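As a plain string of letters, each chain reads:
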There are 2 protein chains.
Amino acid sequence: MPAAFADRLIEATRRTGPLCVGLDPIAEHIPALFGRDERAIAPFLTEILDLAVDRAAAVKPQLGFFEASGAEGFRLAHELTREAQGRGLIVLVDGKRGDVGSTAEGYARALLGAKPGFDADAATVNPYLGLDSLEPFLKAAEDRRKGVAVLVRTSNPGARDIQGLQADGAPVWTHVARMIAPETDRLAGESGWSGLMAVAGATWPAEAQELRRLLPRSLFLVPGYGAQGAGARDAVAGFVPGPHGRLEGGIVSSSRAILYPHGAQTASSLDDWRALVGQAMDRAKVDLEAAIAR
Amino acid sequence: MPAAFADRLIEATRRTGPLCVGLDPIAEHIPALFGRDERAIAPFLTEILDLAVDRAAAVKPQLGFFEASGAEGFRLAHELTREAQGRGLIVLVDGKRGDVGSTAEGYARALLGAKPGFDADAATVNPYLGLDSLEPFLKAAEDRRKGVAVLVRTSNPGARDIQGLQADGAPVWTHVARMIAPETDRLAGESGWSGLMAVAGATWPAEAQELRRLLPRSLFLVPGYGAQGAGARDAVAGFVPGPHGRLEGGIVSSSRAILYPHGAQTASSLDDWRALVGQAMDRAKVDLEAAIAR
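In what follows, the accompanying structure is described. (Residues numbered from 1 in each chain as written. Chains lettered and ligands numbered in written order. Predicted model: local features only at pLDDT ≥ 70, side-chain atom pairs only at ≥ 80, totals over all residues. Heavy atoms only, no water.)

## Concerning the pattern of salt bridges
Where charged atoms from two side chains of opposite charge come close, those side chains can pair. Here the structure, examined in full by the defined rule, presents 50 salt bridges over all chains. For B:Glu47, the salt bridge is made with B:Arg274, and the minimal N-O distance between the two is 2.8 Å. Note that B:Glu47 is positioned in helix 2 (residues 41-52) and B:Arg274 in helix 12 (residues 270-293), a separation of 227 residues in sequence. The salt bridge partner of B:Arg186 is B:Glu142, with a shortest N-O separation of 3.0 Å. Placement of B:Arg186 in the loop between helix 8 (172-180) and strand 8 (194-200) and of B:Glu142 in helix 6 (residues 131-144) is noted, with a sequence separation of 44 residues between them. By relative accessible area, B:Arg186 is classed as partly exposed at 27%. Residue classification places B:Glu142 among the partly exposed positions, given a relative accessible area of 33%. A cluster of three or more residues bridged by salt bridges with shared partners is formed by A:Lys60, A:Asp94, A:Lys96 and B:Asp99. (Salt bridge = Lys/Arg side-chain N within 4 Å of Asp/Glu carboxyl O. Helix = DSSP H or I, 4+ residues; strand = E, 2+ residues; numbered from the N terminus. Buried < 20%, exposed > 50% of the residue type's maximum accessible area, 1.4 Å probe, protein only.)

Set out below in structure tokens:
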């Protein structure tokens, strides 16, 4: 039996740091080196995976970008998931699904199930439909030693509109956290961490600390670091001291700043491009390492 | 330029009634007549489309079921969308997507955009991430004369958990309605109806009436009728009298009761199966017609 997802993820972050590389393929931003239009996406992302090994704990394909290329894009997301796992990277498929009953079971099978599913290590889900809508994902994760990352407090400004509403004296997102808290044990590993993750935007560091109190064992998936403007300290605001004294408790996602760093689009050779992207990953890695070492 | 989505949908409901056939392919429930395992899904659903013409205003592929078959399933959902539109049926792709920024743009392109997108007539979206997460869908719908159906009050029991929280004296789902209300004009047609639809579960008829007050011009997408237990009267609780005196203002979705009626799985011939499924559609159509004629 494989180790629990939570143990695999925390182990990866202790080894390489908490960086998660978001896979957001945008054909217009990919250097001509990789070919023209959408055919450039596959070779580009394969190179990204090679560069991410030993620099990132995980990668996060954003399904919206892949689905925009139709069934071919969907197939590519599947292939990249397998390629990333083959390189020892943990894969969180970011589809933000949410549905009820047998439809939710379908999504759970699609994302966490064996082939023809993604067989991803974890998947992001949207809690607006309530706890019964999350159950099929939790069940699949339990059965297959996977993780589930629930959107709690997203990094965008509009997160205020619904997540930030005050309900019974506390914001809606805290109710989401309380709703999932009793389920965290189901995906707990031997490390004490749970693979029932919470998405906690780096743009709301104070809320991340409150969320840590509500969900002491949940690993966090932290978007909003890098291109969205939050710094490394804010990104790890919900982390806590681990066994080696460094802060731990989740992964910090960065996409655009890493995939499309300044100058990379016009790099004159593949080696130059590799150097630029590798440096962008190293910058994020070092930046996050400084934040968790404080 | 094609007519606005709202006008096309309301016209279809005036012509055939408000039935929307949910396309929930479940291989185990499909008669052996169509073949074994997942290869049975495509011919089964093609027959369903033929039977739905003149009986249903729209069809609603549930992406969760298709994605469970991997990229092939995703491709099939694309093909069925085109086949349904070729038969004059309106297609709402039910993926309940929700994301931010360029990822949301990717989903909007994937669902409402031209090939390689679905080019669906409308798509369901989840509002938990706030108004800025809906904007790319609204923009795509505006540009391409499409519709967007926002989850407001879903039909499942767990809808209480988050949607039912009291925030500033009113449930969260009413805040979602108020959040989208100022946008309804953007997708309004000449009929006065708006293609900025609201999902309003048939299991909550009193709330559907309140939702109608909050969103007087939004067409409703009503799940929960049939297999989920709500009757036709409850399903049309948010409808209002139209120009011909009958109630109108949305579509009522039914999946399981229509796709898998009693006896159909063991039908001895395709003709027998067609008769059983046709009758199941007719029952729903007549049931809904009685409810809107009151």
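## Focus on the relation of the copies chain A and chain B
Relative to chain B, chain A is turned by 180° and slid 0.0 Å along the rotation axis, the superposed coordinates differing by an RMSD of 0.0 Å. In symmetry terms, the pair is related by a two-fold rotation axis. Using C-alpha coordinates, one finds that chain A approaches the rotation axis most closely at A:Ala167, a distance of 2.0 Å. Comparing contact sets, 100% of the residues at the interface of chain A also lie at the interface in chain B, consistent with an isologous, same-surface contact. (Least-squares fit on C-alpha atoms with pLDDT ≥ 70 in both. Contact = heavy atoms within 4.5 Å.)

## Thoughts on the environment of B:Leu23
All names here are of chain B. Following the sequence through the fold, Leu23 ends up in strand 1 (residues 19-23). In sequence terms Leu23 and Gly164 are 141 residues apart; their C-alpha atoms lie 28 Å from each other. Setting aside chain neighbours within four positions, we find Leu23 in contact with Leu45, Ile48, Leu49, Val59, Lys60, Pro61, Gln62, Phe66 and Leu259.

## Examining the pairing of strand 3 (residues 90-97) of chain A
Residues and elements named next belong to chain A. Across the eight residues of strand 3, eight count as buried, placing the element largely inside the fold. Of the two faces of strand 3, the one carrying Ile90, Leu92, Asp94 and Lys96 and the one carrying Val91, Val93, Gly95 and Arg97 are both buried. Summarising the sheet, strand 2 (residues 58-61) and strand 3 pair through two bridges and their orientation is parallel. Within the sheet, the bridge partner assigned to Val59 lies in strand 3 and is Val91. Alignment of strand 3 against strand 4 (residues 122-125), held across three bridges, turns out to be parallel. If you follow Val93 over to strand 4, its bridge partner there is Ala123. Handedness of the crossover is the feature at issue here: the chain leaves strand 3, passes through helix 5 (residues 101-112), returns alongside strand 4, and the resulting connection is right-handed. (Pairing = 2+ DSSP bridges. Right-handed = clockwise from strand over helix to strand, strands pointing away.)

## Things to note about the interface of chain A and chain B
Every contact between the two is made by 54 residues of chain A and, on the other side, 54 residues of chain B. At the boundary of chain A with chain B, total buried surface from both sides reaches about 4,500 Å², with 57% on carbon and sulfur atoms. Here chain A and chain B share six salt bridges between them. A salt bridge links A:Glu72 to B:Arg75; its shortest N-O distance comes to 3.2 Å. At the surface where chain A touches chain B, the tally comes to 29 residue pairs in polar contact (both at pLDDT 80 or more). Of the residues belonging to the side of chain A that touches chain B, the class tally is 24 nonpolar, 18 polar and 12 charged. (Buried area = accessible area lost by both parts, 1.4 Å probe. Polar contact = N/O pair within 3.5 Å; in protein donor to acceptor, adjacent residues only side chain to side chain. Nonpolar A, V, L, I, M, F, W, Y, C, P; charged D, E, K, R; others polar.)

## What about the sheet that holds strand 1 of chain B?
Residue and element names in this part refer to chain B. What the eight strands build is a closed barrel, ordered 1-2-3-4-5-8-9-12; its pairing is parallel. Ignoring which end each strand starts from, the neighbouring axes of this sheet average 25° apart. Relative to strand 5 (residues 147-153), strand 4 (residues 122-125) runs parallel, the two sharing four bridges. Bridge assignment links Val125 to a residue of strand 5, and that residue is Val150. (Axes fitted to C-alpha atoms, helices over the stretch in contact; angles between N-to-C directions.)

## Section: the pairing of strand 5 of chain B
Of all seven residues in strand 5 of chain B, seven are buried; the element is thus mostly enclosed. Assessed by its sense of winding, the connection that carries the chain from strand 4 of chain B through helix 6 of chain B to strand 5 of chain B is right-handed.

## Describing helix 1 (residues 5-16) of chain B
Compared with the 16 Å implied by 1.5 Å per residue over 12 residues, the 16 Å span of helix 1 of chain B between its first and last C-alpha is a close match. All buried positions along helix 1 of chain B are accounted for by B:Phe5, B:Ala6, B:Asp7, B:Leu9, B:Ile10, B:Ala12, B:Thr13 and B:Thr16. (Expected span 1.5 Å × (residues − 1).)

## Re the sheet that holds strand 12 (residues 250-254) of chain A
Sheet strands pair via backbone hydrogen bonds, and the direction of the pair is either parallel or antiparallel. All names here are of chain A. Around the barrel, eight strands lie side by side as 1-2-3-4-5-8-9-12; this closed barrel has parallel pairing. Pairs of neighbouring strands in the sheet enclose a mean axial angle of 25°, with direction left out of account. The sheet contacts of helix 8 (residues 172-180) involve strand 5 (147-153) and strand 8 (194-200), and relative to strand 5 the element is tilted by about 155°. On top of the sheet, helix 12 (residues 270-293) reaches strand 1 (19-23) and strand 12; it is set at about 145° to strand 1, its chief contact.

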